[in-house]
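This is what each chain is made of:
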Amino acid sequence: MSISYFRTAQTLVTGTGSISKIGEEAQKLKATKVMIITDKVIRQTGLLSKVIAPLEESGLVIDILDDVVPEPPFENLEEMITGLQGKDYDLLVGVGGGSALDITKVLSIMLTNKENVRDFVGIEKVQNEGVPTILVPTTSGTGSEVTYNAIFTDLRDQVKKGIVSAYLLPKVAIVDPELTLTVPPSVTAATGMDALVHAIESYTAIRAGELTDGIALHAIKLISRSLRKAVYNGKDLKAREDMAMGSLLAGISLGNAGVGAVHALAYPLGGKFKVPHGVANSLLLPFVMKYNAVADLEKFAEVAKAMGENIEGLSLREAADCAVQALAKLSQDVGIPSTLKEVGVTAEDIPGLAEEASKIDRLLHNNPRWLTVREIKKIYEEAYGTAEVPSLATT
Ligand SMILES: [Fe+2]
């Protein structure tokens, strides 16, 4: 058994209505002056009042910064860092999707470190612990509230880059499904599929282990049984509860076992073609899984079972194939484009995309099956023009 670490938020507060506990949690952290970091859409929805009221009742002074943009470039982050210079906040509260939460995590360390933020790109480059954070996801997908990564777009290179540091983990994550009830169907679909990718990639990753396997499988079960309902009837609280918990569990698993080739191949699509992260992941998932499945048929058969597929009487290979086909169906059912063509990629773009993806060693080295630029190109080609994922039996 190899040595492994398990890290997550210091405290997890979950359940319907759990946002009401944010004031108490801020008090436990001895906070007095808080900055809430969010985006303009969240601010307009009125959702923020559920966060502000308990903080006010606990006597905190509150400022709000709503400049977060989706899939944020470093420039967006840098503007906010400049704006925060010299401020004496003793708590940062991130409210939103992955972008708002990632920005909050990085702003926290920028209040206690002198370096330029781009110096922190890479693994464990941050010197000092940041200002305490409470992270409040309003979508069920990124798992950012329990991961120690923050991802930004580098507009110069047109690629996504990550800051990875244990100091990015929050003191508290509050996961309240009620905050996700108004998320529109397309966002519910893309973020929900991203969460499913986190669960499946971390479950089948090289770094997967005893501490994460059960968590990942339960996440797969919750998301598979409720994503369609959450997309097509957003007010279904039970479905939203499953998605919130599934996304959190997938995030915990991802934060410790990591992800693999789906994310590696998705990043260049986000950087160059601005395909939303969840859409890029969902589109590529069945194709990468078809490639990966033969590397660990047992685990892929377990994925099929967790997805609720009937695998009784099937061979391992057939059961693994069942998982791949079920993933393709789920992605299509929730309305996500199923070919690269549909998201604006041309055949000529594929060699460049493959070259770019092949550089993301951090993720490719964690993938259960080895890939070079040749295999990556082949996967992009398969995903380019056909929604049909060939069955394992034919490859
Ligand atoms: Fe992701």
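Since the structure is predicted, the reported quantities are computational estimates derived from the model, not experimental observations.

Draft legend 1. Up close: the packing of aromatic side chains. In the structure shown here, the tally under the stated rule is one aromatic pair. Pairing Phe 74 with Phe 152 gives two aromatic rings, centres 5.5 Å apart and planes at 40°, and the pair type is tilted. Placement of Phe 74 in helix H4 (residues 74-84) and of Phe 152 in strand S7 (residues 149-154) is noted, with a sequence separation of 78 residues between them. Neither residue differs from the other here; Phe 74 and Phe 152 are each classed as buried. Here the guanidinium or amino end of Arg 7 rests over the ring plane of Tyr 5, the centre of that ring lying 5.3 Å away. Here the guanidinium or amino end of Lys 33 rests over the ring plane of Tyr 89, the centre of that ring lying 5.2 Å away.

Draft legend 2. Up close: the coordination of the iron ion. Binding of the iron ion to the protein goes through Asp 194 (OD), His 198 (NE2), His 263 (NE2) and His 277 (NE2), at separations of 2.1 to 2.4 Å. Mapped onto the sequence, the donors of the iron ion take the spacing D-x3-H-x64-H-x13-H. With Asp 194 in helix H6 (residues 185-203) and His 263 in helix H9 (residues 261-273), this pair connects stretches of sequence that are 69 residues apart. Judged by its relative accessible area of 3%, Asp 194 is buried. Under the relative-accessibility criterion, His 263 is labelled buried at 2%.

Thresholds applied
- Residues take numbers from 1 onward in each chain, read along the sequence in its written order.
- Reporting of local features is limited, given that this is a predicted model, to residues whose pLDDT is at least 70; pairs of side-chain atoms are given and counted only at 80 or more, and all residues count toward the totals for whole chains, interfaces and linings.
- Derived side-chain values reflect all non-hydrogen atoms in the structure, with water molecules and hydrogen atoms excluded from consideration.
- Between the rings of Phe, Tyr and Trp (Trp by its six-membered ring), a pair exists once the centres lie within 6.5 Å; its type follows the angle of the planes, with under 30 degrees stacked, over 60 edge-to-face, and the other angles tilted.
- Helix numbering and strand numbering both begin at the N terminus, where a helix is a DSSP run of H or I of at least 4 residues and a strand a DSSP run of E of at least 2.
- Buried, partly exposed and exposed residues are distinguished by accessible area as a fraction of the type maximum, computed with a 1.4 Å probe on protein chains only: under 20%, between the cut-offs, and over 50%, respectively.
- Put simply, a charge is over a ring when the Lys NZ or the Arg CZ is close to the ring centre, within 6 Å, and near the line of the ring normal, within 35 degrees.
- Here the coordinating atoms are restricted to nitrogen, oxygen and sulfur within 2.8 Å of the metal centre, or 3.2 Å for Na, K and Ca, and because water is not among them the sites may look incomplete.

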